[in-house]
Amino acid sequence: MTDIVQGISRRGALAGAIGLGLATPAIAQGGYPNKPITVVVGFPPGGQTDFAARILQPGLSNALGQSVVIDNRGGAGGNLGTETVLRSRPDGYTLLAGNANPLTINPHTFQGMTIDPLRLTPVGLMLQSSLILCVHPSVPAKTPQEFAAWAKTQPNGVDYGSASAGSLSHVAMEMLKNRIGNPPMEHIPYRGSGPAMQDFIAGRFSIMCDASSVVAPFLRAGQIRGMLSTGAARIPAFPDIPVAAEAGLPDYVFNAWIGLFGPPGMPAEIVQRLNAALNQAVQDAAIREKITSQGDEPGGGTAESLGETMRRDHARWGEVVRANNIRADG
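The numbers attached to residues start from 1 for each chain and follow its sequence in the written order. Under the rules for a predicted model, residues below a pLDDT of 70 receive no local features and side-chain atom pairs below 80 are neither given nor counted, while totals for whole chains, interfaces and linings still include all residues. Side-chain figures throughout are based on the complete set of non-hydrogen atoms in the structure, without hydrogens or water.

**Brief notes about the side chain of Thr84**
Now for step 1: Where helices and strands are cited, they refer to DSSP runs of H or I of at least four residues and of E of at least two residues respectively, numbered from the N terminus. With respect to the element layout, Thr84 can be found in helix α4 (residues 79–86).
Now for step 2: Definition of a polar contact: a pair of N or O atoms within 3.5 Å, with one able to donate and the other able to accept a hydrogen when the atoms are protein atoms, and with sequence-neighbouring residues admitted only if both atoms are side-chain atoms. Within polar-contact distance, the side chain of Thr84 engages the backbone oxygen of Leu80 at 2.9 Å.

**A closer look at empty space enclosed by the protein**
Now for step 1: Grid points spaced at 1 Å over the protein atoms alone were grouped into cavities, where a 1.4 Å probe fits but cannot get out, and pockets, open sets with protein on both sides within 12 Å along at least five of seven lines, with lining residues defined by an atom within 4 Å of a point. Grid points are joined across faces, edges and corners, and a volume is the space filled by probe spheres set on the points. Under the defined criterion, the tally for this structure stands at two cavities of 30 Å³ or more.
Now for step 2: Taken as a whole, the largest cavity encloses approximately 40 Å³ of empty space.
Now for step 3: If you trace the largest cavity, you find it lined by Gly42, Phe43, Gly78, Thr82, Leu96, Ala97, Gly98, Asn99, Pro102 and Leu103.
Now for step 4: When contributions to the lining of the largest cavity are tallied by element, the ones reaching two or more residues are β3 (94–99) and α5 (100–109).

**Section: unusual backbone geometry**
Now for step 1: Going from Tyr32 to Pro33, the amide bond is cis rather than trans, its omega being -10 degrees.
Now for step 2: In this structure, Pro33 sits in the loop between α2 (24–31) and β1 (37–41).

**Regarding the confidence of the model for the chain**
Now for step 1: Residues at a pLDDT of 70 or more form 90% of the chain, whose mean pLDDT is 90.
Now for step 2: pLDDT is a per-residue confidence score from the predictor, ranging from 0 to 100. Contacts are assigned to residue pairs with any non-hydrogen atoms lying within 4.5 Å of each other. Contacts of residues 1–29 to residues separated by more than four positions or lying in other chains number 13 contacts, the stretch itself having pLDDT below 50.

**So, the packing of helix α3 (residues 48–64) against helix α11 (residues 285–293)**
Now for step 1: To define axes, lines are fitted to C-alpha atoms, for helices over the stretch in contact only, and angles between the resulting N-to-C directions are given on a 0 to 180 degree scale. Where α3 contacts α11, the axes come no closer than 9 Å and their chain directions differ by 170 degrees. When the interaxial angle is binned, α3 and α11 end up roughly antiparallel. Contacts between α3 and α11 involve Phe51, Ile55, Leu56 and Gly59 from the former and Ile287, Lys290 and Ile291 from the latter.
Now for step 2: Ten residue types, Ala, Val, Leu, Ile, Met, Phe, Trp, Tyr, Cys and Pro, are classed as nonpolar, four, Asp, Glu, Lys and Arg, as charged, and the remainder, Gly among them, as polar. Tallied by class, residues from the contact of α3 with α11 come to five nonpolar, one polar and one charged. Relative orientations are named as follows: roughly parallel for angles under 35 degrees, roughly antiparallel for angles over 145 degrees, roughly perpendicular for angles from 65 to 115 degrees, and oblique for any other angle.

Next up, the structure:
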């Protein structure tokens, strides 16, 4: 009888906690996941972040034993998707595929931004890629230093393009400009890397820095020329392109990355479950081949490592933004 009374009491207490919205994480820990999981992408379909989410979707679903649904919520440079997840319940059923731009650059370039991406719960790295600094074939320079000297000889200076004002490709070029003595260079922002690349290969500007997966087809076609890559090691698909340190810029080392995140306060047990599933997914041979074929590197690793990367880039890009007065509105 005592056991029955205690069981009824426990069920009553649990029901009361559910009514108050207090027991959801505990329930999730016990049987997580027991329903479909939504991964929010803060950009329209077709971009690199959407690619990362969709390429890992089947692997995550297999590892978790539940459907994984992609929810594209483009707007405000990725901020809308970030805000959606920041405001979600920390039960592991609403996650974010987030890249370095909205999570580490936007907080510095969007005036009046009220959300704090650093409050997100890191789960794990989905993929990453070096950026490649490229020039138009008409540019005679072979190194960043030669480019700076050449730019100073041009009567009207030179132009560089980027995916948008305040994008990673924008702040990366401003960082480069600072590192090579601030030659006369003007920024031309575009609405995405695609339109920028079209004008780049047409010769409407001289230099651009973007993710290897973005520039790879044009490099292979000889429409642009790679000057350096920003990663720590040479890109296997482009072994002839030196890394920044080999090109005389040892402090120009960084990656574009896309990570999986949850809302603030997500329980450690759920983070561990999701991290294990992500690491399992990125080991799948078919998934790895699709990622590397784009010029990217498969992710994986710990949640803590992703958090460290996010905080480091937040500080790094904040310094560049402040030094160059960069704003998302151009």
